[in-house]
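Survey of secondary and tertiary structure
What follows is each chain in one-letter form.
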Amino acid sequence: MEHTQVEAEKEPTQIDTDNQPGLNHQHWLSRNRLIAANGAFTIYATALAIDTGHADRTWAIWAAVGYGLTTLIIWLTRHTKVSVIWPLLVALAGALAAPVTWLVTRVTPTPEVQVISRSAVLLLQHGTPYLPAAGLDTWLSYNPYLPVMAVFGLPRALGASGLFGDPRLWLTAVSIALIWAAFTVAAPHRRCEDCRHNTTLSTVFFAASPVIAFPLAVGITDPPVIALMFLTLALIARPSGLFRAAVALGVACAMKATAWPAVPMIAAAVAVRHGAQAVWRFTGVVICVAGLLAVALAPAALLDPYAFLQNTVLFPLGLSAHKTPAASPLPGHLLATTGMAGHWAAVALLVAAGLGFAVSLIIRPPADGRAAAWRLALGLAVMFTLAPATRWGYFVYPIGLVGWMVLTQSPAGADQGASPPVKVPAQA
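If you're wondering where the values come from, they're calculated on a predicted model, not measured in any experiment.

**As for the overall build of the protein chain**
- Secondary structure assignment for the protein chain yields 18 helices and 2 strands.
- Across the 428 residues in the protein chain, those meeting the buried criterion constitute 47%.
- A sequence separation of at least 24 residues applies to 76% of the contacts in the protein chain between residues at least 6 apart.
- Element-wise, carbon and sulfur atoms account for 67% of the exposed surface of the protein chain, whose accessible area totals about 20600 Å².

**A word on the pattern of salt bridges**
- For the structure on display, the rule yields 3 salt bridges.
- With its nearest N and O atoms 3.8 Å apart, the salt bridge here joins Arg-156 to Asp-166. On the criterion of sequence distance, the pair formed by Arg-156 in helix H6 (residues 154–157) and Asp-166 in the loop between H6 and helix H7 (167–186) is long-range, its members being 10 residues apart.
- Note on Arg-156: relative accessible area 32%, which makes it partly exposed.
- In this structure, Asp-166 engages Arg-168 in a salt bridge whose closest nitrogen and oxygen atoms are separated by 2.9 Å. The same class applies to Asp-166 and to Arg-168, which are both buried.
- Connected through salt bridges with shared partners, the residues Arg-156, Asp-166 and Arg-168 form a single ionic network.

**Focus on the side chain of Thr-70**
- When you line up the elements, Thr-70 lands in helix H3 (residues 54–76).
- Of the polar contacts made by the side chain of Thr-70, one reaches the backbone oxygen of Pro-87; its length is 3.0 Å.
- Within polar-contact distance, the side chain of Thr-70 engages the backbone nitrogen of Ala-91 at 3.0 Å.
- Setting aside residues no more than four positions away along its own chain, Thr-70 makes contact with Asn-38, Pro-87, Leu-88, Val-90 and Ala-91.

**Quick look at the packing of aromatic side chains**
- The final tally for this structure, using the stated rule, is 15 aromatic pairs.
- Ring plane angle 10° and centroid distance 5.0 Å describe the contact between Phe-230 and Trp-404, whose orientation is recorded as stacked. Residue Phe-230 is found in helix H10 (residues 222–235), and its partner Trp-404 is found in helix H18 (residues 396–407); the two are separated by 174 residues along the sequence.
- On the basis of relative accessible area, Phe-230 is assigned to the buried category, the value being 0%.
- Here Phe-384 and Tyr-397 contribute two aromatic rings whose centre-to-centre distance is 5.9 Å and whose plane-to-plane angle is 50°, an arrangement assigned as tilted. Remark: Tyr-397 occurs in helix H18 and Phe-384 occurs in helix H17 (residues 369–386); sequence separation between them is 13 residues. A single burial state applies to Phe-384 and to Tyr-397, both of which are buried.

The rules we used
Residues numbered from 1 in each chain as written. Predicted model: local features only at pLDDT ≥ 70, side-chain atom pairs only at ≥ 80, totals over all residues. Heavy atoms only, no water. Helix = DSSP H or I, 4+ residues; strand = E, 2+ residues; numbered from the N terminus. Buried < 20%, exposed > 50% of the residue type's maximum accessible area, 1.4 Å probe, protein only. Contact = heavy atoms within 4.5 Å. Areas by Shrake-Rupley, 256 points an atom, 1.4 Å probe, with all protein chains shown as cover. Salt bridge = Lys/Arg side-chain N within 4 Å of Asp/Glu carboxyl O. Polar contact = N/O pair within 3.5 Å; in protein donor to acceptor, adjacent residues only side chain to side chain. Phe/Tyr/Trp six-rings, centres within 6.5 Å; stacked < 30°, edge-to-face > 60°.

What follows is the structure in structure tokens.
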């Protein structure tokens, strides 16, 4: 008996993770917080329905009903064991599925949808998603997006019709898939049942929120870019994920110019975490992926660089012959409306702000992905505030990044006070 006990004590042990209390995580989205969040979403959607019109009002009416029902259901089931995922699916249906279906099948496409659809047709016919400078006769003729965005219009250009031919369906599907992938990568444990549940909960909540649902319903193209930023931030936390993070950010940079400010911010965090050699590889892969995708999807644009400049640089900066009507009364726009001197002053302030953030990255670089997300949110907020041609809708980027940091933070006290792992003999 004594001999057996001694051998058992000498045997190697393994951690019984299935019975380890430390793997049980309490999600930040508690019932009370979900009630507060969906209540706030209800108020926002109701105010928007009263104050706006056209497609925005249509979304707001559907969303107000969805958010309101979700708030009521969560409150009524607060003392039951009903999972909060079910009322959140009501919010997803009311804020995203229903308005997208209604707007696609019953309402004239928004300008953003028209631009994406036309760019796909031009890409198939002429090898470039941009009209030549001579064809830019109205503000709607411009295509401010980078070449990859035209992919979302290809189903219609190839003959699809109805819901399956509308870019909004594909923007929605890709955005939700990328958000789910980002939360999956950011989860503390891959095989933990609680982590998988929290990933689903975070994905549904974020997709149903006005930050993602509203732009998708009206055809605004920011959600897939935001989702790719999330995925990049999640991947850089893992040494084995740097290459995939660079590819994800490269795709975003080939999709829309608003992704490019993320490159120096995230590269600075990569330098701190993984060293100077890693940051050069990371930045090189981002630029190569973005460049190769742009050339592959718009080969003819290389033959007409002035048209590319007019569409993707001068028009967004308000320097083209035709100005976008989607301008909000933010400081940069108000300064630009005072005349050419005011316009260049706004551009100078924007450049100065960019240089200031560049210096801050050298003096005090972000230590990790969360710090990079915060710095990026602040930088984008300043950029959108000072840009000569901007709109309120761009602030979904900083708001989304702050939401990402909140939902991916470690639960307070989740691992504190947990009993130590149970050790069992390896042979057992």
